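Structure assessment
The primary structure of each chain is shown beneath.
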Amino acid sequence: MKDTLLIAGLLLLLSDFTNVQAQEGFLDYIVSHPNQNFYETKADMDAYYATRDKGRGTGFSHYMRWQMNTEKYVYPSGDMFNISARLSAANDRFKSAATTPLSRSTHGNWISEGPTSYTPGNGWNGGNGRVNCIGFNPSAPNTIYAGTPAGGLWTSTNSGTTWQSQTDGLPSVGVSGIAVNYNNANIIYLLTGDGDAGHTSSIGVIKSIDGGVTWLPTALSFSATGTVRGFKLLMHPTDPNILFVAASNGIWHTINGGDTWIQENASWFTDIEFMPGTPANMYAVSLSNFYRSSNTGDTWTIDNDADFPASWSRMAIGVTPANVNYVYLLFGGHINGTGSGKFSGFYRSTDGGADFALHTTTPNLLGYSSTGADSVHQASYDLAIAVDPSDADIVYVGGINVWKSTNGGLTASWTISSHWYERDNMIGYTHADIHSLEFSGTSLFCGSDGGIFRSIDAGNNWTNLSSGLANMQFYYLDVETTIFAGGTQDNGCNQWTSAIDNATHSIGADGFACLINYNNTDIRYQSDQSNKWRSIDGGDSFTEISVSGIDSYWDADWIMDPFDPQRLFVASGDIWRTTTGGTGGTPWTDLNSGFSGTHFITSMAQAISNTNQFYASDGLVLRRSDDVLAATPTWADKTAGLPVASAMISDIAIDPTNSQRLWVTFYGLSNGNKVFFSSTGGDSWTNESGTLPNIPINCIAYQIGSANDRLYIGTDFGVFYRNDDIGDWIFYSNGLPNTSVSDLDIEGIVLYAASFGRGLWSSLFFSCDTDLALTLGNDPSSPNFTGQQQYHASGTITSTRIITGGLGTDVSYNAAGSITLLEGFHAKANNLFEVTLAGCPD
């Protein structure tokens, strides 16, 4: 089981935010320090949280995610950049240069293992995965679009009953804005990236003219030198060729469907709206100011009201055709010096934004409490507002929960509409953290950290429409026979079987490492941010097994001894060992591995051929113990010869028949420093990076029983394969979405890949086909026909497929005998299609 956390770069950001105190929580801090170096931010935040609350609403969890994952990209300099743009460029260079059969061949065909739904268990806030934004097809009311932070665009044509991914081939799979042409619904625009959290950065706006089957870039393209986050994509109500983008680097405006864009303002904007019925009048909000335009966005004027609060972290705008002069502003809170705070106010204008009146500062509409009595918020991460299209006094706002007012937001009018705690919920459930509230007709839709929800009765009841969305953001995976267990961002630990992709949500919050006892699958282990849990009834119930010393370390990985499932090793500051499954009076022993504690222990591996031999790394140092089962193990530094000056170690794999033979992989963008091999237990190293593209390597798995070192690595762009006969890495990702693979596990003849944003996938190991007949029916990416695909046959290939073209669609056929393109075959423009007469690589 792999121990990596992989989020494609939560970025440090540009800002015009001036309403800050000397010290705030992470969510406010990160947007108030333009271009600050990673290590400066880490030092400030470590000092801040050392003496403050780290619970919900303080920003601590977001800080820990950022810390653990950003360093893997920016080490050693700490300088921030647009990671998604840099990775996309690296991937494009790899594809354009990879013209030899060995570098572009694969036999792996991947299928999704979900999960696509969940059942509430011991956890308190189950869900599939985060939904950033929601869109609709104006000519087909049953068609809904959902944009996710790391899982791309999803479409339902039956009001949310089923869902289909539309962007699995795209090199950047975050979506923060959707706009559909109301005169031609085949024309769809996407604002890429993850605005609210930055888990994927924006590469600009992309466009489809065939209903989302293929995607092409528009002229708005963000380079690798910037750190841009997009928040809103808005289409003009009477001219669909006019669009606006609100982003961290300003307002962008096109009048020709994306052929050209103009930057209208360079401040950090999070929301933008038209005045209903009069689109020449527009409103926009930056982190500091309220803006108005009277000429369709050509110029903007700051128009802050004297009654606005003294400080805030973010604003959201609400308008409605029920009264075109009404403008609502929801002000996100500002965390004070003690680590608490609440929203700064709810305001309304009745004259088109000229003057505003404060309607309320209570209850706290942005906290966890169902009565609004707490003093927390996270408005920099989630803030949403929607006004009823037929009644201008009915308003909904979203922070952690959804709240409703029936008289324009006055203090006494607010009632809670949905609550984040799912178990015993008598209010209504939409999962915590509301990123989007949108009306379609009389239905209200909500996008949250757990998926997409709908109310058809004015917020009195909510229905979860997320079933079918395979968009979980996995950190970890463990597979035992047909049982899966995985830890995910925002949606805890989950367990399910290969026959049923409905997961049981067993541990809440962020879920991390999971283990299943290979001798008794009723015994299972799971972990969250601070606790370790054990179940002896197949996950129906869990008992905490944390003790002092290992109970408060964020994301502590653990592994299970290959011959004694009661012996576990946990990486929590130091490495700890138990021989009793974590139970008993003094179950844990500190192994004093010698790591400094300044970095997380990112990887551990215990040898099968010699269980006394153990390897571990904190990213910068690799240590080996030859007596890890002893009462007091000894450790030796085996880092010499590894490129730790320019890249961080991500994972370790050991030859199961020889504990001296091991491979280590590397995060980051240090070209040529991806995989290193030692046959001497780490005393010396050989670079086996080969022709791998310059992308982060997140995890590695060794296929037990292989005579020629069959190895698989998970990267930010799928899976690659190597064996000694080939001598280099080949692409192994047919049908696998172009998203980060955070963990790999092998069970029998099946390879499993856990992705950060597209759930779990599996691939059967099989030898090269003799003859291949490729049709529309057996295309692994049907019906969208996107994604990289490479095919090899020792005999012939025939094809009647459609290769659609556009971003991320690259296909190669390689056969030793002949390749025949039959009637029906069609390779469209704007993609790479390659035909080579060559034999199978292995």
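In this text, all values refer to a predicted model and were calculated from it rather than measured experimentally.

Our next topic: the overall build of the chain. Each helix and strand in the chain was counted, giving 4 helices and 64 strands. Relative to the globule expectation of 28 Å for 842 residues, the C-alpha radius of gyration of the chain, 26 Å, shows essentially globular dimensions. If you sum the accessible surface of the chain, you get close to 25800 Å²; carbon and sulfur atoms cover 50% of it. Here the chain holds 37 positive side-chain charges and 78 negative ones, and the gap between their average locations is 2 Å.

So, on to the side chain of Asp728. On the secondary structure map, Asp728 appears in the loop between strand E53 (718–722) and strand E54 (730–731). Buried within the structure, Asp728 lacks any salt-bridge partner; its nearest side chain of opposite charge belongs to Arg722, at an N-O separation of 5.8 Å. Separated by 2.7 Å, the side chains of Asp728 and Thr691 make a polar contact. Other than its neighbours up to four places away in sequence, Asp728 contacts Ser689, Gly690, Thr691, Tyr721, Arg722 and Asn723.

What follows deals with the packing of helix H2 (residues 38–49) against helix H3 (residues 60–74). Packing of H2 against H3 leaves a shortest axis separation of 11 Å and a crossing angle of 155°. When the axes of H2 and H3 are compared, the pair comes out roughly antiparallel. As H2 runs across H3, the sense of the crossing is left-handed. Where H2 abuts H3, its residues Phe38, Tyr39, Thr41, Lys42, Met45, Asp46 and Tyr49 lie against Phe60, Tyr63, Trp66, Gln67, Thr70, Glu71 and Val74. Of the residues belonging to the contact of H2 with H3, the class tally is 8 nonpolar, 3 polar and 3 charged.

On the surface, Phe563, Ile608 and Ile704 cluster together to form a nonpolar patch covering roughly 310 Å² of accessible area. Position of Phe563 among the secondary structure elements: in the loop between strand E39 (557–560) and strand E40 (568–572).

A separate point is the environment of Asn694. The topology assignment puts Asn694 in the loop between strand E50 (686–687) and strand E51 (697–702). On the accessibility criterion, Asn694 (17% relative accessible area) is buried. A sequence separation of 176 residues divides Asn694 from Tyr518, and the C-alpha atoms of the two residues are 37 Å apart. When neighbours within four sequence positions are excluded, Asn694 is seen to be in contact with Ala90, Gly668, Leu669, Ser670, Asn671 and Lys674. A polar contact of 3.1 Å, which involves the side chain of Asn694, links it to the backbone oxygen of Leu669. Among the polar contacts listed, one links the side chain of Asn694 to the side chain of Lys674, at a separation of 2.8 Å.

Attention shifts here to the sheet that holds strand E19 (residues 315–318). Strand order in the open sheet formed by 4 strands is E19-E20-E21-E22, and the pairing between neighbours is antiparallel. Looking at which strands have only one partner, the edges of the open sheet turn out to be E19 and strand E22 (357–360). Shown here is a sheet whose adjacent strand axes are inclined to one another by a mean of 25°, direction ignored. In this sheet, E22 lies alongside strand E21 (residues 345–349) in antiparallel orientation, the contact comprising 3 bridges.

Next up on the list: the sheet that holds strand E24 (residues 395–398). One open sheet accounts for 4 strands, arranged E23-E24-E25-E26; its pairing is antiparallel. Both outer strands of the open sheet, strand E23 (384–387) and strand E26 (415–418), are each paired with one neighbouring strand and no more. This sheet shows a mean twist of 25° between the axes of neighbouring strands, independent of strand direction. Relative to E26, strand E25 (residues 402–405) runs antiparallel, the two sharing 3 bridges.

Let us look at the pattern of salt bridges. In the structure shown here, the tally under the stated rule is 19 salt bridges. One salt bridge in this structure joins Asp168 and Arg758, with 2.8 Å as the shortest N-O distance. Taken together, the positions of Asp168 in the loop between strand E6 (164–165) and strand E7 (175–180) and Arg758 in the loop between strand E56 (750–755) and strand E57 (760–764) put the pair 590 residues apart, joining distant regions of the chain. Judged by relative accessible area, which is 5%, Arg758 ranks as buried. Between Asp626 and Arg624 there is a salt bridge, with the nearest N and O atoms lying 2.9 Å from each other. Note on Asp626: relative accessible area 40%, which makes it partly exposed. The exposure class assigned to Arg624 is buried, which follows from its relative accessible area of 10%. Sharing partners across several salt bridges, the network here consists of Arg65, Asp490 and Asp510.

Counting residues in hydrophobic clusters, the biggest one holds 59 residues, and the most contacted among them are Tyr63, Tyr525, Trp558 and Ile713. Per-element tally for this core: the top contributor is H3, with 7 residues. Discounting residues that sit within four places of it in the chain, Tyr525 has contacts with Ala513, Cys514, Leu515, Trp533, Arg534, Ile545, Trp558, Met560, Pro565, Gln566, Leu568 and Gly581. Residues Tyr326, Leu383, Ala392 and Val395 belong to the second largest nonpolar core, which totals 18 residues.

Our next topic: the confidence of the model for the chain. On average, the chain scores 88 in pLDDT, and the residues at 70 or more come to 91%. Confidence over residues 1–23 falls short of pLDDT 50; this stretch has 145 contacts with residues more than four positions distant or in other chains. Long-range and interchain partners of residues 99–105, a stretch whose pLDDT sits below 50, account for 28 contacts in this model, where long-range means more than four residues apart.

This part is about the pairing of strand E34 (residues 500–507). In this sheet, E34 lies alongside strand E2 (residues 117–120) in parallel orientation, the contact comprising 4 bridges. By the bridge assignment, Pro120 is partnered in E34 with His505. In the sheet, strand E33 (residues 493–497) pairs with E34 via 4 bridges, with the strands oriented antiparallel. Counted as the bridge partner of Gln495 is Thr504 from E34. From the end of E33 to the start of E34, which pair antiparallel, there are 2 residues.

Now for H2. End to end, H2 covers 16 Å across 12 residues, agreeing with the expected 16 Å (1.5 Å per residue, within 8%). The complete set of buried residues in H2 reads Phe38, Thr41, Lys42, Met45, Tyr48 and Tyr49. Buried positions in H2, seen along its axis, are confined to an arc of 130° and lie on one side of it. On its buried side, H2 packs onto helix H1 (26–29) and H3. Where H2 starts, the residue carrying a side-chain oxygen 2.8 Å from the main-chain nitrogen of Tyr39 turns out to be Asn37.

So, on to unusual backbone geometry. The omega torsion across Gly114 and Pro115 is -5°, close enough to zero to call that bond cis. Note on placement: Pro115 falls in the loop between strand E1 (110–114) and E2. In this chain, Thr362 is followed by Pro363 through a cis amide linkage whose omega measures -5°. By the secondary structure assignment, Pro363 is in the loop between E22 and E23. Positive phi values are uncommon outside glycine, yet His431 reaches one of about 65°. On the basis of relative accessibility, which here comes to 1%, the residue His431 falls in the buried class. Although it is not a glycine, Ala509 sits at a positive phi angle of roughly 60°.

Scanning the entire structure with this criterion turns up 47 aromatic pairs. Here the aromatic rings of Tyr475 and Phe512 are separated by 5.1 Å at their centres, their planes lie at 15°, and the arrangement is stacked. Highlighted residues: Tyr475 in strand E31 (residues 474–480) and Phe512 in the loop between E34 and strand E35 (514–516), separated in sequence by 37 residues. Among the aromatic residues, those joined into a cluster by ring pairs are Phe38, Tyr39, Tyr48, Tyr49, Phe60, Tyr63 and Trp66. A cation over a ring is seen here: Arg86 above Phe81, with NZ or CZ 4.2 Å from the ring centre. Above the plane of the ring of Phe595 lies Arg623, whose end atom (NZ or CZ) is 5.3 Å from the centre.

Cut-offs used in this document
Within every chain, residues take consecutive numbers counted from 1 along the sequence as written. Given that this is a predicted model, residues contribute local features only at a pLDDT of at least 70 and side-chain atom pairs are listed and counted only at 80 or more, while totals for whole chains, interfaces and linings are drawn from all residues. The basis for every side-chain value is the complete set of heavy atoms in the structure, and neither hydrogens nor water enter the calculation. Elements are defined by DSSP. Helices are runs of H or I of four residues or more, strands are runs of E of two residues or more, and each kind is numbered from the N terminus. For this measure, only C-alpha atoms enter the radius of gyration; the expected value for a globule follows 2.2 Å times N^0.38, where N is the number of residues. The protein chains shown are the only cover counted for residues, whose accessible areas, like all others here, come from Shrake-Rupley with a 1.4 Å probe. Under the counting rule used here, the positive set is Lys and Arg, the negative set is Asp and Glu, and His together with the chain ends is not counted. Charged side chains are reduced to one point each, which is NZ for Lys, CZ for Arg, CG for Asp and CD for Glu. Working definition: with a 1.4 Å probe on protein chains only, accessible area under 20% of the residue-type maximum means buried, over 50% means exposed, and in between means partly exposed. Salt bridges are defined as contacts in which a side-chain nitrogen from Lys or Arg sits within 4 Å of a carboxyl oxygen from Asp or Glu. Polar contacts, as counted here, are pairs of nitrogen or oxygen atoms within 3.5 Å of one another; within protein the pair requires one atom able to donate a hydrogen and one able to accept it, and residues that are adjacent in sequence qualify only if both atoms are side-chain atoms. Any two residues whose heavy atoms approach within 4.5 Å are treated as being in contact. Only the stretch in contact is used when fitting a helix axis, every axis being a line fitted to C-alpha atoms; angles between N-to-C directions are given from 0 to 180 degrees. Angle categories are assigned with fixed cut-offs, so that under 35 degrees is roughly parallel, over 145 is roughly antiparallel, 65 to 115 is roughly perpendicular, and the rest are oblique. When the near helix sits turned anticlockwise from the far one by under a right angle, the crossing is termed left-handed; a clockwise turn instead gives a right-handed crossing. Three categories are distinguished: nonpolar for Ala, Val, Leu, Ile, Met, Phe, Trp, Tyr, Cys and Pro, charged for Asp, Glu, Lys and Arg, and polar for the others, with Gly belonging to the last. Candidates for patches are residues over 30% relative accessible area with no salt bridge; among them, like charges are joined within 9 Å and nonpolar side chains (Val, Leu, Ile, Met, Phe, Trp, Tyr) within 5 Å. A pair of strands counts as paired when DSSP detects no fewer than two bridges linking them. Nonpolar core, defined: a set of buried Ala, Val, Leu, Ile, Met, Phe, Trp, Tyr and Cys residues in which side-chain atoms within 4.5 Å join the residues together. pLDDT is a per-residue confidence score from the predictor, ranging from 0 to 100. Given a helix with a known number of residues, its expected span is that number minus one, times 1.5 Å. The directions considered for the arc run from the helix axis to the C-beta atoms. Here the aromatic set is Phe, Tyr and Trp, taking the six-membered ring for Trp, and pairing holds for ring centres within 6.5 Å; pairs whose planes are under 30 degrees apart are stacked, those over 60 apart are edge-to-face, and all others are tilted. Lysine NZ or arginine CZ positioned within 6 Å of the ring centre and within 35 degrees of the ring normal marks a charge as sitting over the ring.

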